[in-house]
Amino acid sequence: MRDRPAKERLAKEHLVRERPLKERLLGTQNRTLWFWVFVGPFAVGLGLFTYVPLLWSLYLSFFDAHNTVSPTDFVGFDNYAAMLRDDAFTSSLGTFVLFTAFIVPATYALSLALALMVNRIRFAQAFFRSVFFLPAACSYVVAALIWKMSIFNGVRFGLANTVLGWFGADQTAWLSTTSPPWYWLVIVTVRLWLQAGFYMILFLAGLQRISPTLYEAAAVDGARPGWQVFRNITFPLLRATSVAVVLLLVINAFQAFDEFYNLLSDSRGYPPYARPPLVYLYYTALGQGQNLGLGSAGAIILALIIAVVTIFQARFFGLGRKED
């Protein structure tokens, strides 16, 4: 009797081997065929436009690739050493740290506040959810140009300076003033407007997974609604969602490019301040030097930093660990 399951398994494996090759490839009722019909184009596109460029970038990082994507002069890790010694590259990493210090807590707090507010609304909840989420569908380039040309435009025009003029305040050159660095206000607000709605949806999903009976039990035990219930019930039960949101925010901060480039660059080029890693690598690889080897090495270093930071955060917050 003990050997019966093993015998049945061997019989099934024998039947699978005896099936015709066409049936094994396409599956019963051509299910495998239809899987590849729908998934195949996406897999091919992902390979051609994501993994092949990544592998080619890794290849280029070990060569002296000036103005060419097919270099022959192997330099080993010299490009990596040059990037790590480059003050401009390390300064761009510092810009990322500063940007992350602004944008991560601000986006986290705003998106959580919006989720709590929308979750408590008893009428037209779908409308408000859509309104707050709508900016997430907007192009970063378009949003940056609106912020630059309509809201924070120069010292004479723009909504911000118009409002300041009503109160008799001085006009401000928002994107060129470095002391104080008002450009951070422009960069952070446009990113907040673009991102908060998306993370609000994530928090809403987490809030709707919390059982109402927990709040009823807290009310019976005498817990005061508001801060006390939020601190002891809502916020702890949003732990998994909070970890995911923080991870995504940090990764997206590393990848910031569109808003920085479109807000701060002009016909004279990009200013020396507020230059995140991707902007610096863009000018290194596609600027006057056209040094694709250095640019690729910097991109690999940046990818490794993102991976290490993500793994560290996941381990620190216990991502994937079973809830107690």
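Being a predicted model, the structure only gives us computed values, none of them experimental.

Another aspect to go through is the overall build of the protein. Secondary structure assignment for the protein yields 15 helices and zero strands. Every one of the 324 residues in the protein was classed for burial, and the buried ones make up 34%. The long-range share in the protein, meaning contacts at least 24 apart out of those at least 6 apart in sequence, stands at 65%. Accessible surface for the protein amounts to roughly 20300 Å². Of this, 66% is attributable to carbon and sulfur atoms.

Moving on: the nonpolar core. Judged by nonpolar contacts, the single largest core of 59 residues is most densely connected at Met83, Phe99, Tyr183, Ile187, Phe260, Leu263 and Leu264. Put simply, the parts of the chain that give this core at least two residues each are α4 (78-85), α5 (87-120), α7 (140-151), α9 (183-208), α12 (239-254), α13 (258-264), α14 (277-286) and α15 (292-317). Per element, the largest residue contribution to this core is 14 residues, and it comes from α9. Not counting chain neighbours up to four residues away, the residues in contact with Leu264 comprise Leu175, Tyr183, Ile187, Gly269, Tyr270, Pro271, Tyr273 and Ala274.

Mapped onto the elements of the fold, Ser296 is located in helix α15. By relative accessible area, Ser296 is classed as buried at 7%. At a separation of 2.7 Å, a polar atom in the side chain of Ser296 contacts the main-chain carbonyl oxygen of Leu292. Beyond its immediate chain neighbours, meaning those up to four positions away, Ser296 contacts Ser57, Leu60 and Ser61.

This part takes up the packing of α9 against α12. Two numbers describe how α9 lies on α12: the axes approach to 10 Å, and their chain directions differ by 155°. By the criterion of interaxial angle, the relationship of α9 to α12 is roughly antiparallel. Once α9 is placed against α12, the crossing between them reads as right-handed. Contacts between α9 and α12 involve Arg191, Gln195, Tyr199, Leu202, Phe203 and Gly206 from the former and Thr241, Ser242, Val245, Leu248, Leu249, Asn252 and Ala253 from the latter. Across the contact of α9 with α12, the residue classes tally to seven nonpolar, five polar and one charged.

For α4, every residue scored as buried is listed here: Asn79, Tyr80 and Met83. Taken down its axis, α4 places every buried residue within 100° of arc, on the same side.

We now examine the packing of α4 against α15. Contact pair α4 / α15: the axes reach a minimum separation of 9 Å and the direction vectors enclose 75°. On the basis of the axis angle, α4 is roughly perpendicular to α15. Where α4 approaches α15, its residues Asn79, Tyr80, Ala82, Met83 and Leu84 are matched on the opposing element by Gly293, Leu294, Ala297, Gly298, Ile300 and Ile301. Along the lines of polarity and charge, the residues of the contact of α4 with α15 split into eight nonpolar, three polar and no charged.

Overall, the predicted model of the protein reaches an average pLDDT of 82, with 87% of residues at or above 70. Ranking the elements of the protein by mean pLDDT puts helix α1 (residues 4-18) last, at 56, and α9 first, at 92.

Definitions and cut-offs
Residues numbered from 1 in each chain as written. Predicted model: local features only at pLDDT ≥ 70, side-chain atom pairs only at ≥ 80, totals over all residues. Heavy atoms only, no water. Helix = DSSP H or I, 4+ residues; strand = E, 2+ residues; numbered from the N terminus. Buried < 20%, exposed > 50% of the residue type's maximum accessible area, 1.4 Å probe, protein only. Contact = heavy atoms within 4.5 Å. Areas by Shrake-Rupley, 256 points an atom, 1.4 Å probe, with all protein chains shown as cover. Core = buried A, V, L, I, M, F, W, Y, C linked by side-chain atoms within 4.5 Å. Polar contact = N/O pair within 3.5 Å; in protein donor to acceptor, adjacent residues only side chain to side chain. Axes fitted to C-alpha atoms, helices over the stretch in contact; angles between N-to-C directions. Parallel < 35°, antiparallel > 145°, perpendicular 65-115°, else oblique. Left-handed = near helix turned anticlockwise from the far one by under 90°. Nonpolar A, V, L, I, M, F, W, Y, C, P; charged D, E, K, R; others polar. Arc of directions from axis to C-beta. pLDDT = per-residue confidence, 0-100.

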